[in-house]
Every structure is written in C-alpha cells, then in structure tokens.
Amino acid sequence: MKLTALALKRPVTTLMFFLCFLVTGLLASRLLPLEYFPSVNFPGIFIQVPYGNSSAEEIEETITRPMEEVLATMSSIQTLWSTTTDNNAQLFLRFGWDQNARIKGIEAREKIDAIRGQLPDDLQRIFVFTGGTGDMPVLQLRISSQRDLSNEYNLLERKLKRPIERIDGVSKVDLYGVDQQQIKIKLNADRVAAHNINLIELNQQLQKQNFSLSAGLITDDQNRYRVKPLGEYRSIEDIKNTVVNEQGVRLSDIANVVFEQPIAREGRHLDRDYAIGMSITREANANLVEVATKVIEEIEKAENDPAFDGIKLYTMDNQAEGVTNSLGDISLSGIIGFVLSVIVLYFFLREFTSTIIVALAVPFSLTITLAFMFFFNVTLNILSMMGLMLAIGMLVDNAVVVTESIFRYQEKYPDDQHKAIRLGVKEVGVAVFAGTVTTAIVFLPNIIGEKVEMTVFLSHVAITIVIALAASLFIALTIIPLLLAKFKIRSQEKSSQWINRLTDRYSSFLQWSLNRPKISALFAVLVAVSIVIPMGQVTKDNFTDDTQRRLFLPYYIDNQYSLDKIEATVDTIEEFLYAHQAELDIESVYSYYNNNRAESTIILKDKDMATKAVSEIREFIENNLPKIAIGAPSFERNRGNQDGIKIYVTGDSTETLQELSHEVARILNTIEGIYDSRSDATSGDREVRVKVDRVRAQKLGLDPAQVANMVSIAMRGQPLRSYRGQDGEVQMMLEFNQNDRQSLADLKGLSLMTASGEIISLDSIADFQVEQAANTISRRNRQTSIGITTNLDEITMDEAKKSIEEVMNKVSLPPGYNWNLGQAFEREQNADNILMQNMLLALLMIFVVMAALFESLLFPLAVITSIGYAVVGVFWFFLMTGTTFSFMSGIGILVLMGVVVNNGIVLIDHINHLRRSGMPRNDAIIQGGRDRLRPILMTVCTTILGLIPLGIGDATVGGTANSPPYYPMARAVIGGLAFSTIVSLLILPTIYVGLDNLSAWRRNVWRRGRTVSESIF
C-alpha cells in the first residue's frame, strides 16, 4: 500500500511523526483529567418548592397542579412526575436526550414566574435544578458521634465546612441533618389577645421593619453618592424593642424572642450513633483526584482537632477512589493480558525480536490513543477506560496479520526484503483496513442513532476503541514493516513443528469436508440450532445486583409517626444487624429516617474478605429480621438506579387508588416467583379541617382568606426576612408558643380581631371536622398514581413482566383507572429494543463494508454467519460458567460482532486472491486455510488472553463494590470469539462453496435466459 511504501521510502520522516505522537501521548497521560463519568448533561429538570407545616392536599391544590399545568405546555416532555408531601412539592420533567436541559430550565423558570401570582403569598423560594455528571458530589461523608450533634452546626461549619470550601476546586459543601439556629418570635396567645394585636398586621409590620435597599444616587459638590436606607435589625434587642401598635406595645411585651434550634424533621444513624451528612461538589474543570485528595487531607486535620474528640468522620462515597481503583484494575488486567499475549506470540513466531515488535503495537497504540484523547477533549473516565480495556486484546491483530503475510513473501523473495514487505502488506492491506472498519463501525449506531442512556454513555466507550484501532492500523501499516525491514527479521518456521502439524491436519479436514458437502452442511445447521439448548437455561437479568456490596433495606412505614418512634424502630433493626455483624460480613450500617420513611444501607465487607454470598446474607436477614409494628422492612432490588420493580395504578381519586393498589398487591403476591408486593399508599394523616362560615365572618368584617392567614400564622408560623448577624444570615420565624398550639381546644380558642377591633374566638365563626388525609400524593403525567412495589424470587424481569401482564389484563378496573409498568420494566425493555436495533444496523453496515471489499453480495453472507456462531458460543459459554446474561453481556456481543468477522474477511479475501491468480476453487480454499490458520489463531489467542484477567476477576465499571462488573462482557467476547473461530475455520469453507455454487447457478440461469431471449428476438 502507498502508506507502507512511503514509510519504507522515508523512514526517518515516518519515525519522527511516530515519535511526536509517542511523546504527545506520554505527556497526555499526565495531563488528561481523571473523571468518574464523562461530562454529560441529563435531559431533565428537577423543581423543588419548600412549603413547610402544610398538608399534602393543600400543596397539591395550590402549588403542584398549577405548576403542572403551566409546565405541561413545554415541548418534548417524555415524563412529568410530581410528589407532594406536607412540607414541599417536587416535580421532575424528563426530556429526550436530543434536548438541551439548561435551555429547558430557563423556559421552566419563565413559565413558573408567569404564574407566580397564583401561588401562595408566603411561598418564599422555588428551586429549579438542571445538571449532569459534573454536578454529582465528589465525596459523601457521614459524621457520627455518641454525643448530640444536632446543636453543633457552628462547630461543623467553622471547623469543617468552611475549610473545605476554601480548597481550590471545591464549589459547594452541603450539611444535612444539622440546622443553623433560628430566631423565633414566640407569641403568647393571651398577651396577643389582651393587647388586641392583629396577626396579619403584625406580620406585615415585622416584614417592613427589617429591610435593606438601594435608593439611587445623589450629587453633592460634584461628588456622587449612593443612597442606601438601612432598616435591618442589628441585634436581638432591636427585634424585642420593635413597636407593634399605636399604644406603644413592644414585641417583647407579647412574645419571647429567642435563638432556638429548628424542630428536627429527619435523622441519620451511622453504626448506631446519630449522624450528619455532608456532600462536597467540585468545580466544573477541577481535577477530581486532586480535589478529593485535598478534601481527605482536610478531613484528617479535622479529626485530629481536639474539638472533634468523639466525632467520627466516615467516607460513604468517594468518586476519586472509584476512578483510581478502576484505573488500577484495568492497568493490572492490561499488563497481565499483554504478558500472556507476548507469550502466545512467541509460541507462534518462535523469534524474539519479531515477537517484541508485534507486541509493542499495544503500548504504542495506547499511547497514541491518549494523545488523540487529549486533543479531542476526551477525559480519562470509567467509560473511556472501558474502551481502552476492550481494545487491548485487539491491538495486535493487524500487526500479526501484516507480519505473517510479510514472512510468507520473504520465503518467495529471500533476497529482496523491501519487495517482500511491499507485496506482503499489499496482499492483506485492504482486508486489514476492512477488518478495522467493521470492528469500529459497530459503534456507529450508538453515536449517531437514537439517544437513550445506553447509547449516550456507550458512545464514550466507542470513541476510545475507534481511536485505538485506528492507531493500531497506522502502526501495522507503517512502523511494523519499517522495523521488520531495518532489523531484517525472518520467520523461524522450522521451530514451529506443532503449528506445522496442526496446519497439515487442518488441510486434511478441509479436503474431507469439501468432498462431503452434505455432511458438512448438516454439521453447520446442527451447530446453529444447538443454541436453543443453552438459551433456555441461561438466566437473563439486565440489572442483576447479586454482586453488589451494599444492600438497601427500606422499612415501608405505613403511616406518619413521631420522629422518636421511627428512631426507636430503626434502633430495633440496627440491634439485630449488629448482633449478627460478624457472620453477615457487615462493615457498617447507615440509616436515614423521617416521619413517614426509614431505610438502612448495609455496607458489606470487600469481596476479598467476604465469607458469605450476597444472596445468602439477604436471605438470612429477610428470614430472621424482627417484626416491627409500623412497617414491613424488605430489601429493595436496585434496577439500574431506577425506582425498583413496580407497577402503577393511575386515576383521579386518591382514596380509590389506595383501595385498588392494596388489591393489586394482593393479586401480585399470588403469582409464582413474586413475593412481598405492597402498596406505596399510606393510611395518611388525621387532619382538622376548619370550615369558615362565610355569612358569620362577613358580618364581623372578616373574609375566609383573612381567617385562613391568621390560622396559618398561629399554627404553622410565618417566615420573616432573614436577620444578618456576625455569623451570616439567620432565619427568623413568627409563631405561637408551642403550649398555645398543642390541642384542638387551642385551635378553637384562637383569638381573631374583627374589623371593629373586637376580639372573637375562631370557633365562633368556623366548624371543625377531623378527617383522614393523604400525607404523600404522587402524580405521573398529571394523573394521580400509586405504585405497587414487588420483589422477585428466582425469576427474571422478562418472566415477571409476562406473568404480571397476563394477570393484570384479567383485572377489571373502574372506568378512568389504568395500570402500567414501572420504570424498571420500561427501561429494561427500551434498553433491549435499542440494543437489538443497533445490532441490526451494525450488521447491515458490516455487510456494506464487506460487499464493497469482495465486490459481491453473496460472499459477505459467508462471513456474517460467523456472527451467528459467535452468539451460539456466548450462550454455551455462559451456560458452562454459570454466568447471567446481563446488560454488560449485550455490550460484549456488540463488540464481538465487529471482531469475529475479521478472521472471515482475512480468510475469504485470501481465497479470492488465490482464485484470481488462477488456482482452482478447492485448491484455493485449502491453500488459503493453510496460509491463514496461523495468523487467525494468533489474533484470536491474543484477544482472548487479553480479556481473561477481566473475565475471571471482579473488576467493576466504576471501581466500586456497587458498580456492574466487567466479567459478563469479557466472557461474552471470550466465549463467542473462541467458539466462532473454531466453528468458522471448519464450516466457513463449506458455506463459501455453497454460496459460490449459488452464484454460479445464478449466472448460468441468467446466461441461458439471455441466450433464449436472443434466439427469439
């Protein structure tokens, strides 16, 4: 080829270009930023609206539904979720991956601003979040102590939070579970009534008293001054001395003004001690590992501070650790695979120098790949590292084929080294190029096709593979021939007696099979049909969690309870877990709880220290876990970080949906393989509904809205403008004393001021009813919905889906009510559909490349059959090794499609070359098989050996115990490639003959038809 001829003609220029790439790659290895995930913006918007001390129904009516209506007018919405509780409303909008979430976020803010007047007046903030992988916390810490940390906000902020925030590269530090003290203005109901204080007027007056604004500019004596009226409170005394009416009554006369801790609404435990959460987020362009290292150093300093005596700092999640572990796993696997490949190459080549030259294609290609990754702004993350790992075993393939071809021509032209090299490369150059293209082209549908999570992230894997393969092709066509020419290396055929004997036996088999085409065809069909045996026995589960070292145990609390009661229940479960800590390989237990929810995360010891399988630990806990009165704890299966295994019932009435969800849960529990199905509906809260008599209120000069505002201020409290002190802003709250708002009698006796200044009680103008009310309202695509969570017992997602659909289709639901599968089912089905679609597109593109290479529409079919046999091999290998077919296995098959055709391309191309030179077909097949057996075996063995460390190891994608493992993908490539190679070497010649006979028959028919037509006309 011209590239090889140029390299031989200009060796110094070629080496200088190569040296530049090599040096750039070495520099890039130091400069490439380490990331956990590539920079990807998620196509979604998360909206949070805090509105404390209310009810779910009120928030849904006044906040959630109006916002849903206006946000639903946005285009390209795939899913609109909302969850309403008694403290906030949360909405999530999901768009397609082709949408820009940041632009959608701006649009959402504009639409919300347009209806701001329709939302409650005392609604303070609306948060609209858009983000991506770069916004994920670098570190998740848990701070625990046997002493009470709930009042230690100032200590943690001063000694830990602020020092970490000052670290270069840190953008945000958040503390959870500990709140800054508030200034609370606690009104005394009797004093308020005695002084005839109107609560609404008091609230408005306090809002006006605390202000800071800019009043423009003035000019005086040619000097320009900014005018800034100040009305901010400067001290607690300023607040106490505020005059609240015309009689000179001060705030301190009717209220106590105190610094006080907010009422706790959630709690955390770590190893049975009260805990606080902390998350650290880095800046967009900051180096992940450097930031995390500096943060850890700061944490270690804090641990040595005497102020932190008795306080334990525990790193829950560390992205940097995951990246470095993943890089270490891949590096170790790559080194082991490289060493094994060198051994195999030497076994075949029997010449040390040529072995080293061919083997150097791996580090050289990887180094060049790093250089181009740097120029293309591709970071070194867990996905690009996966691409490098997959490429390692394939990087010597081109070099092996080229070297083997050159050695054969050296035997023909022993005195003309350059001619042998040129002819050797020319013979296989096009085939090698086509093989590289087919390997790379299988990823094209993932890059340019429909965008879903799988294809977006898989495209980052594809980029590194394509760059690495292109680098290996460049080295095979330039550097390898150049080094072989300079060192004058020749093949040592005489020492490869084992290979020679194998080649002779293979030739004999080809002769036998060509003479018995019917037996060979029957063998080919039987091998293909045999896939039905392993396919029916191999378990399929896209998001298996049996290897994960963290177990999630939700308590499924059935109602709202006091925080103390929930904590006591958490203590009960934790006591059981720690009583069996040693036998269950438990390292730590982290628990989170609030008034209606609790869950424990059981962190297991590392795999190398494990004494029990994860499934055994889970089974023991489920069978022996103590019963609790307020819930039913059961493990949650993590379906790829989705919402578990759920189905939903949707409709209008929450009460009807609650009844239906419980009935559906009962039905699901009757299905074999499904257990512990439960409705997410809770029994709800008991609430007092105040119904204002409009006639009586209007006679007294009051309207229902005024009454509602007074009740709200008295019972719930009213946030005021923040107080700015030495320690920053402090939240101010106006509320009644706890003693004045504890009972129904306090509510009924609430004093109200009429328009005439008369004081009346609330029960004189209102009636009271105690009723049940939902404490959580979930809506899906603007329809109220309730989920039913279930668990699977020794059945797959596909089997569960079929059984659920079969049963649910027989269930009669009321008009207007429907059921549908949850995201876990939808996501798995969507992933399967997209993966299959991309595989078919990849198959079509492979066919196009081979058709162009062979100038035939039939011969590519012979090569494509090797893909089918590869899939057969995958399932047989999975059956023998007991491997579950997961999502990672599907990626392995996708990679396999581009790899297995290379051997067929090299073999068929050489056979066609021999036939064009005048050799009879059968002789060309036998000679082609003899010539290509050794390079095919060499490339297959190096690829397989390069993946064996991953196939038998426990390395995971993210380097963490809770990430999917590599081994299903590696085993798919190993099993499929080995089986396809053996079967293709034996069967491919027979298929080639059959297609060639078909082509000859077609030409004869065409020729006879043309002769007949000419004789007629």
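All values reported here derive from a predicted model rather than from experimental measurement. Along each chain, residues carry numbers from 1 onward, in the same order as the chain's sequence is written. Where totals are concerned, whole chains, interfaces and linings use all residues; where local detail is concerned, this predicted model gives features only for residues with pLDDT of at least 70, and gives and counts side-chain atom pairs only at 80 or more. Neither water nor hydrogens contribute to the side-chain values; these are computed over all heavy atoms in the structure.

**Let's talk about the overall build of the chain**
Item 1. Secondary structure elements are taken from DSSP: a helix is a run of H or I of four residues or more, a strand is a run of E of two residues or more, and numbering for both begins at the N terminus. Counting its secondary structure elements, the chain contains 33 helices and 27 strands.
Item 2. Projecting the C-alpha coordinates of the chain onto the three principal axes gives extents of approximately 120 × 75 × 70 Å.
Item 3. Only the protein chains shown count as cover for residues, and all accessible areas are computed by the Shrake-Rupley method using a 1.4 Å probe. Of the accessible surface of the chain, which amounts to about 46,300 Å², a share of 53% is contributed by carbon and sulfur atoms.
Item 4. Within this scheme the basic residues Lys and Arg register as positive and the acidic residues Asp and Glu register as negative, but His and the chain ends are omitted. Here the site of a charge means atom NZ of a Lys, CZ of an Arg, CG of an Asp or CD of a Glu. Charge separation in the chain, taken as the distance between the mean sites of 97 positive and 113 negative side-chain charges, equals 11 Å.

**Observations concerning the packing of helix 13 (residues 361-375) against helix 18 (residues 453-487)**
For any two helices packed against each other, the geometry comes down to the angle between their axes and how far apart the axes lie.
Item 1. Only the stretch in contact is used when a helix axis is fitted, and all axes are lines through C-alpha atoms; the angle between N-to-C directions ranges over 0 to 180 degrees. As a packed pair, helix 13 and helix 18 sit with axes 8 Å apart at the nearest point and diverge in direction by 130°. When the axes of helix 13 and helix 18 are compared, the pair comes out oblique. In this structure, helix 13 meets helix 18 at a crossing whose hand is right-handed. Contacts from A361, F364, S365, I368, T369, F372 and M373 of helix 13 reach helix 18 at T464, I467, A468, A471, S472 and I475.
Item 2. Residue composition of the contact of helix 13 with helix 18, grouped by class: nine nonpolar, four polar and no charged. The cut-offs work like this: below 35 degrees is roughly parallel, past 145 is roughly antiparallel, 65 to 115 is roughly perpendicular, and the gaps in between are oblique. Note on convention: the crossing is left-handed when the near helix lies turned anticlockwise from the far helix by less than a right angle, right-handed when the turn is clockwise. We call two residues contacting when some pair of their heavy atoms lies within 4.5 Å. Residues are grouped as follows: nonpolar covers Ala, Val, Leu, Ile, Met, Phe, Trp, Tyr, Cys and Pro; charged covers Asp, Glu, Lys and Arg; every other residue, Gly included, is treated as polar.

**Here we look at the side chain of R934**
Item 1. Examined against the element boundaries, R934 turns out to sit in helix 32 (residues 921-952).
Item 2. Any N or O atom pair separated by 3.5 Å or less is treated as a polar contact, with the protein-specific requirement of one donor-capable and one acceptor-capable atom, and with residues adjacent in sequence counted only for side-chain atom pairs. Here the side chain of R934 touches E404 through a polar contact of 2.7 Å, side chain to side chain.

**Re helix 1 (residues 2-9)**
Item 1. Every buried residue of helix 1 is accounted for by T4, A7 and L8. Taken around the axis of helix 1, the buried residues stretch over an arc of 95°, which confines them to a single face. Facing away from the buried side of helix 1, by more than 90 degrees, are the exposed residues K2 and K9.
Item 2. Residues of helix 1 that are buried make contact with helix 2 (11-31), helix 16 (417-441) and helix 18. Residue burial is assigned from relative accessible area. The probe radius is 1.4 Å, only protein chains are included, and a residue is buried under 20% of its type maximum, exposed over 50%, and partly exposed in between. Within this analysis, the arc is defined by the directions that extend from the helix axis to the C-beta atoms.

**Quick word on the domain arrangement of the chain**
Item 1. An automatic or database domain assignment provides the domain bounds reported here. Taken as a whole, the chain is organised into domain 1 (198-215 + 226-253 + 690-762), domain 2 (351-489), domain 3 (498-545 + 822-1016), domain 4 (548-636) and domain 5 (644-684 + 774-818).
Item 2. Averaged C-alpha coordinates put domain 2 and domain 3 at centres separated by 20 Å.
Item 3. On the domain 3 side, the residues contacting the 34 residues of domain 2 number 42 residues.
Item 4. Any Lys or Arg side-chain nitrogen found within 4 Å of a carboxyl oxygen on Asp or Glu counts as a salt bridge. Here domain 2 and domain 3 share three salt bridges between them.
Item 5. A salt bridge links E427 to R932; its shortest N-O distance comes to 2.9 Å.
Item 6. Remark: the boundary between domain 2 and domain 3 carries seven residue pairs in polar contact (both at pLDDT 80 or more).

**Topic: the environment of A5**
Item 1. Counting through the fold element by element, A5 comes out in helix 1.
Item 2. In this structure, the C-alpha to C-alpha distance between A5 and K426, residues 421 residues apart in sequence, is 9.8 Å.

**Comments concerning a negative patch on the surface**
Item 1. For patch detection, residues must exceed 30% relative accessible area and be free of salt bridges, and they are connected within 9 Å for like charges or within 5 Å for nonpolar side chains (Val, Leu, Ile, Met, Phe, Trp, Tyr). On the surface, E321, E587, D606, D608 and D954 cluster together to form a negatively charged patch.
Item 2. Residue position: D606 is located in the loop between strand 16 (597-604) and helix 23 (614-624).
Item 3. You can call D606 partly exposed: its relative accessible area is 44%.

**What about the pattern of salt bridges?**
Item 1. Enumeration according to the criterion identifies 28 salt bridges in this entry.
Item 2. A salt bridge links E60 to R65; its shortest N-O distance comes to 3.3 Å.
Item 3. Judged by its relative accessible area of 33%, R65 falls in the partly exposed class.
Item 4. In the salt-bridge network here, residues are joined through shared partners; they are E60, R65, E68 and R779.

**Comments concerning a positive patch on the surface**
Item 1. Together, R1002, R1003, R1007 and R1008 give the surface a local cluster of positive charge.
Item 2. For R1003, the location among the structural elements is in helix 33 (residues 967-1016).

**Some thoughts on the packing of aromatic side chains**
Item 1. Pairing of aromatic rings covers Phe, Tyr and the six-membered ring of Trp, with a centre-to-centre limit of 6.5 Å; geometry is then stacked below 30 degrees between planes, edge-to-face above 60, and tilted otherwise. Per the counting criterion, the structure on display carries 15 aromatic pairs.
Item 2. Between F372 and F376, the ring centres sit 5.9 Å apart and the planes meet at 50°, which makes this aromatic pair tilted.
Item 3. For the pair F878 and F885, a centre-to-centre distance of 6.0 Å together with 55° between the ring planes defines the contact as tilted. Here the two residues F878 and F885 agree in accessibility, since each one is buried.
Item 4. Among the aromatic residues, those joined into a ring-pair cluster are F21, F372, F376 and F474.
Item 5. Both a distance and an angle decide whether a charge sits over a ring: NZ of Lys or CZ of Arg must be within 6 Å of the ring centre and within 35 degrees of the ring normal. Lying across the ring of Y578, R272 places its NZ or CZ 4.4 Å from the centre.
Item 6. Positioned above the aromatic ring of Y648 is the side chain of R780, whose terminal nitrogen or guanidinium carbon lies 4.7 Å from the ring centre.

**What about the UniProt feature "domain: SSD" (unreviewed entry) in the chain?**
Item 1. UniProt positions are given in the numbering used here, feature names are shortened, and annotations may be inferred rather than shown by experiment. UniProt tags residues 332-482 as "domain: SSD" (unreviewed entry).
Item 2. In this annotation, residues 332-482 is assigned 85% helix and 0% strand; the end-to-end C-alpha distance for the span is 31 Å.

**Description of a nonpolar patch on the surface**
Item 1. A grouping of V12, L15, M16, L19, V23, L27, L31, F374, F375 and F376 is seen on the molecular surface, where their side chains present a nonpolar patch of about 960 Å² in accessible area.
Item 2. Sorting the residues of the nonpolar patch by element identifies helix 2 and helix 13 as the ones contributing at least two each.
Item 3. The biggest single contributor to the nonpolar patch is helix 2, with seven residues.
Item 4. Note that M16 resides in helix 2.

**Focus: the pairing of strand 14 (residues 550-554)**
Item 1. For strand 14, a buried count of four out of five residues is recorded, marking the element as mostly surrounded by other parts of the structure.
Item 2. When DSSP finds two or more bridges between two strands, those strands count as paired. Across five bridges, the pairing between strand 14 and strand 16 is antiparallel. Following the sheet pairing, L553 is matched in strand 16 by S600.

**Examining the sheet that holds strand 7 (residues 182-187)**
Item 1. Taking strand neighbours across the sheet as the criterion, the four strands line up as 10-7-21-20 in an open arrangement whose pairing is mixed. Edge positions in the sheet fall to strand 10 (255-260) and strand 20 (718-725), since each has one partner strand and no second. Averaged over all adjacent pairs, the angle separating strand axes in this sheet is 25°, with direction ignored.
Item 2. Judged from the five bridges that link them, strand 7 and strand 21 (residues 728-736) form a sheet pairing that is parallel. By the bridge assignment, K186 is partnered in strand 21 with E735.
Item 3. Docked against the sheet, helix 7 (residues 199-209) engages strand 7, strand 20 and strand 21, running at close to 25° with respect to strand 20.

**Quick look at the pairing of strand 16**
Sheet faces and side chains relate simply in a regular strand, where the side chains alternate between the two faces.
Item 1. In terms of burial, strand 16 is largely enclosed, as six of its eight residues are buried.
Item 2. Of the pairings in the sheet, the one linking strand 15 (residues 586-594) to strand 16 comprises eight bridges and is antiparallel in character. The residue of strand 16 that forms the bridge with Y593 is A598.
Item 3. A loop of two residues connects strand 15 with strand 16, the two strands running antiparallel in sequence.

**So, the environment of I846**
Item 1. Among the secondary structure elements, I846 is positioned in helix 29 (residues 823-854).
Item 2. With a relative accessible area of 0%, I846 lands in the buried category.
Item 3. With 180 residues separating them along the chain, I846 and R666 place their C-alpha atoms 50 Å apart.
Item 4. Look past the residues within four positions of I846 in its chain and what remains in contact with it is T438, I441, V442, I867, M897 and V901.

**A few points about helix 18**
Item 1. The terminal C-alpha atoms of helix 18 lie 50 Å apart, and with 35 residues this matches the ideal 51 Å at 1.5 Å per residue to within 8%.
Item 2. To get the bend at a given residue, fit one axis to the seven residues ending there, fit another to the seven starting there, and take the angle between those axes. Its axis deflected by about 40° at A476, helix 18 carries its strongest bend there.
Item 3. A large share of helix 18 lies buried, amounting to 28 of its 35 residues. Multiply 1.5 Å by the residue count of a helix minus one, and that product is the helix's expected span.

**Quick word on empty space enclosed by the protein**
Item 1. Cavity and pocket criteria rest on a 1 Å grid covering protein atoms alone: a 1.4 Å probe that fits but cannot get out defines a cavity, protein on both sides within 12 Å along at least 5 of 7 lines defines an open pocket, and an atom within 4 Å of a point defines a lining residue. Grid points are joined across faces, edges and corners, and a volume is the space filled by probe spheres set on the points. Under the criterion given, the structure shown has four cavities of 30 Å³ or more.
Item 2. Along its surface, the largest cavity is lined by 19 residues, and D397, N398, V401, N902 and T939 are the ones closest to its centre.
Item 3. Going through the elements one at a time, helix 15 (397-412), helix 16, helix 31 (887-916) and helix 32 are the ones with two or more residues in the lining of the largest cavity.
Item 4. Of all the elements, helix 16 adds the most residues to the lining of the largest cavity, at five residues.
Item 5. Across the lining of the largest cavity, the residue classes break down as ten nonpolar, eight polar and one charged.
Item 6. Residues from two domains meet in the lining of the largest cavity; each of domain 2 (351-489) and domain 3 (498-545 + 822-1016) gives at least three.
Item 7. Computed from the structure, the second largest cavity encloses a volume of approximately 80 Å³.
Item 8. Along its surface, the second largest cavity is lined by S866, V900, N903, G904, L907, I936, L977, S980, T981, S984, L985 and L988.

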